[in-house]
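A closer look at the structure
Here's the letter readout for the chains.
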Amino acid sequence: VFAIQDLCDFAGYSYIAIGTAKVLGVELMTNFRQPYFAHSVTNFWARWHISLSSWFRDYIYFPLGAGRKGPARKALNVMIVYTVSGLWHGGAPQFLAWGLLHGAGQVVQDFYKKAKQAVFGEAKIGLEKLRHMLSVLLTFFTVMCFWIFFRSESVSMAVICLKNMFTRWNGFLYWRQFLFTMGLEKTQFFIAVAGIAVLLGIDLISEKKKQEPAVWIYRMPLPVRWAICLFLIGAVFVVGQYGKGFDPSGFIYVEF
């Protein structure tokens, strides 16, 4: 849930800034490009917070030598970049751990890619679509585990959460309405599920078409475009300020 909240919070106000600038005739760069459909940790950072990752690439990674001085130096440079990224989000140990994990994930991924090329060469192994889907699922799971460190109040709490995911998880709790006994109303739950489904559906279409939503929606027939626009306007009015204790200034990235 935090992963979706984080994406909606951050990508949402990025899109507001991009749209507002476009109205004024200014073109801003895309900042998010379906990040949860990434097929590797490196690909995730080519899709998530693109403005920041581009800045780190241009002003830290490239000046350090990038990958021009051998694989060991490249791995060190990647770790330095994502250590800085973790510290940029805050000086607490959990942010540092989050950055180090993303750096280590890319180093391991690069090592695996080179090892696979050494064994199989450039030949296609087969079942490319299945392999791609599994890579997306594995990357999504990996990024979700890393988010636990970002969200937790300490590294030790994150480790406990990860441990409990694999040792104490009980899916039957959801059938016993465990979520609702924690204060989440059924109506809120189903609205959240419907919203997430719409979000991921739009991202999936954009991923398949390799286009931003505004591009492929604009190419639809006029009645369909109007229906989508009216639906979105209605959604803003209905759920734009929704839920108990809602605070419009309480978005996550106000802290950063």
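A brief look at the structure comes next. (Residues numbered from 1 in each chain as written. Predicted model: local features only at pLDDT ≥ 70, side-chain atom pairs only at ≥ 80, totals over all residues. Heavy atoms only, no water.)

**Re the overall build of the protein**
The number of helices and strands found in the protein is 12 helices and zero strands. Going residue by residue from the N terminus, the α and β elements of the protein occur as α-α-α-α-α-α-α-α-α-α-α-α. Buried residues in the protein amount to 29% of all 256 residues. In the protein, the share of contacts with a sequence separation of at least 24, taken over all contacts with a separation of at least 6, comes to 57%. Summing over all exposed atoms, the protein offers an accessible surface of approximately 16800 Å²; the carbon and sulfur share of this is 70%. (Helix = DSSP H or I, 4+ residues; strand = E, 2+ residues; numbered from the N terminus. Buried < 20%, exposed > 50% of the residue type's maximum accessible area, 1.4 Å probe, protein only. Contact = heavy atoms within 4.5 Å. Areas by Shrake-Rupley, 256 points an atom, 1.4 Å probe, with all protein chains shown as cover.)

**Re the packing of aromatic side chains**
Working definition: an aromatic ring pair is given by the centre-to-centre distance plus the angle between the planes. One pass over the structure, following the stated rule, counts 22 aromatic pairs. The interplanar angle of 45° and the centroid separation of 5.4 Å between the aromatic rings of Phe10 and Tyr13 together place this pair among those described as tilted. Placement of both Phe10 and Tyr13 in helix α1 (residues 2-23) is noted, with a separation of three residues, approximately one turn of the helix. Note on Tyr13: relative accessible area 34%, which makes it partly exposed. Ring geometry for Trp98 and Phe150: centres 5.0 Å apart, planes at 65°, overall edge-to-face. Note that Trp98 is positioned in helix α5 (residues 93-120) and Phe150 in helix α6 (residues 128-151), a separation of 52 residues in sequence. Pair check on accessibility: Trp98 and Phe150 agree, each one buried. Directly above the aromatic system of Tyr218 lies the positively charged group of Arg225, at a separation of 5.1 Å from the ring centroid. (Phe/Tyr/Trp six-rings, centres within 6.5 Å; stacked < 30°, edge-to-face > 60°. Lys NZ or Arg CZ within 6 Å of the ring centre and 35° of its normal.)

**So, the nonpolar core**
Ranked by internal contacts, the top residues of the largest apolar core, which has 35 residues, are Tyr36, Phe44, Trp45, Trp48, Trp98 and Trp147. Sorting the residues of this core by element identifies α1, α2 (41-45), α3 (50-61), α4 (71-89), α5, α6 and α7 (155-167) as the ones contributing at least two each. Of the residues forming this core, the biggest block, eight residues, is contributed by α6. Residues in contact with Tyr36, not counting those within four places in the same chain, are Ala3, Ile4, Leu7, Phe44, Trp48, Val136, Phe140, Val143, Met144 and Trp147. (Core = buried A, V, L, I, M, F, W, Y, C linked by side-chain atoms within 4.5 Å.)

**Side note on the packing of α1 against α6**
Any two packed helices are characterised by how steeply their axes cross, that is the angle between the axes, and by the distance between the axes. The contact between α1 and α6 brings their axes to 10 Å, and the two run at 75°. By the angle between their axes, α1 is roughly perpendicular relative to α6. On α6, the residues touching Phe2, Ala3 and Asp6 of α1 are Met144, Trp147, Phe150 and Arg151. (Axes fitted to C-alpha atoms, helices over the stretch in contact; angles between N-to-C directions. Parallel < 35°, antiparallel > 145°, perpendicular 65-115°, else oblique.)

**Some details on the pattern of salt bridges**
Using the criterion set out here, one finds seven salt bridges in the structure. Linking Asp110 and Lys114 is a salt bridge whose minimum nitrogen-to-oxygen distance equals 3.6 Å. You can see Asp110 and its partner Lys114 sitting in helix α5, four residues apart, about one turn around the helix. According to the relative accessible area criterion, Lys114 is partly exposed, its value standing at 40%. Salt bridges linked by common partners bring Arg47, Glu207 and Lys210 together as one network. (Salt bridge = Lys/Arg side-chain N within 4 Å of Asp/Glu carboxyl O.)

**Examining unusual backbone geometry**
Not every positive phi belongs to a glycine, and Ala66 is a case in point at roughly 50°. Within the secondary structure, Ala66 is located in the loop between α3 and α4. For Ala66, a relative accessible area of 7% translates into the label buried.

**Describing α5**
Taking 1.5 Å per residue as the helical rise, α5 with its 28 residues ought to reach 40 Å, and the 40 Å between its terminal C-alpha atoms agrees with that figure. Burial in α5 covers these residues: Gln94, Phe95, Ala97, Trp98, Gly99, His102, Gly103, Gly105 and Gln106. Its buried side turned inward, α5 meets α2, α4, α6 and α7. (Expected span 1.5 Å × (residues − 1).)

**Focus on the packing of α4 against α5**
Running from N to C, α4 and α5 point in directions that differ by 155°, and their axes come no closer than 7 Å. With respect to α5, the axis of α4 lies roughly antiparallel. Viewed along their axes, α4 and α5 form a crossing whose handedness is right-handed. Side by side, α4 and α5 meet where Pro71, Lys74, Ala75, Val78, Met79, Tyr82, Thr83, Ser85, Gly86, Leu87 and His89 of the first sit next to Phe95, Leu96, Trp98, Gly99, Leu100, His102, Gly103, Ala104, Gln106, Val107, Asp110 and Lys114 of the second. Taken together, the residues of the contact of α4 with α5 break down into 12 nonpolar, eight polar and three charged. (Left-handed = near helix turned anticlockwise from the far one by under 90°. Nonpolar A, V, L, I, M, F, W, Y, C, P; charged D, E, K, R; others polar.)

**Describing α4**
With 19 residues, α4 ought to run about 27 Å at 1.5 Å a step, and its terminal C-alpha atoms sit 27 Å apart, in line with that. Listing the buried residues of α4 in full gives Asn77, Val78, Val81, Tyr82, Ser85, Gly86 and His89. One or two residues past the end of α4 sits Gly90, with phi positive at roughly 155°.

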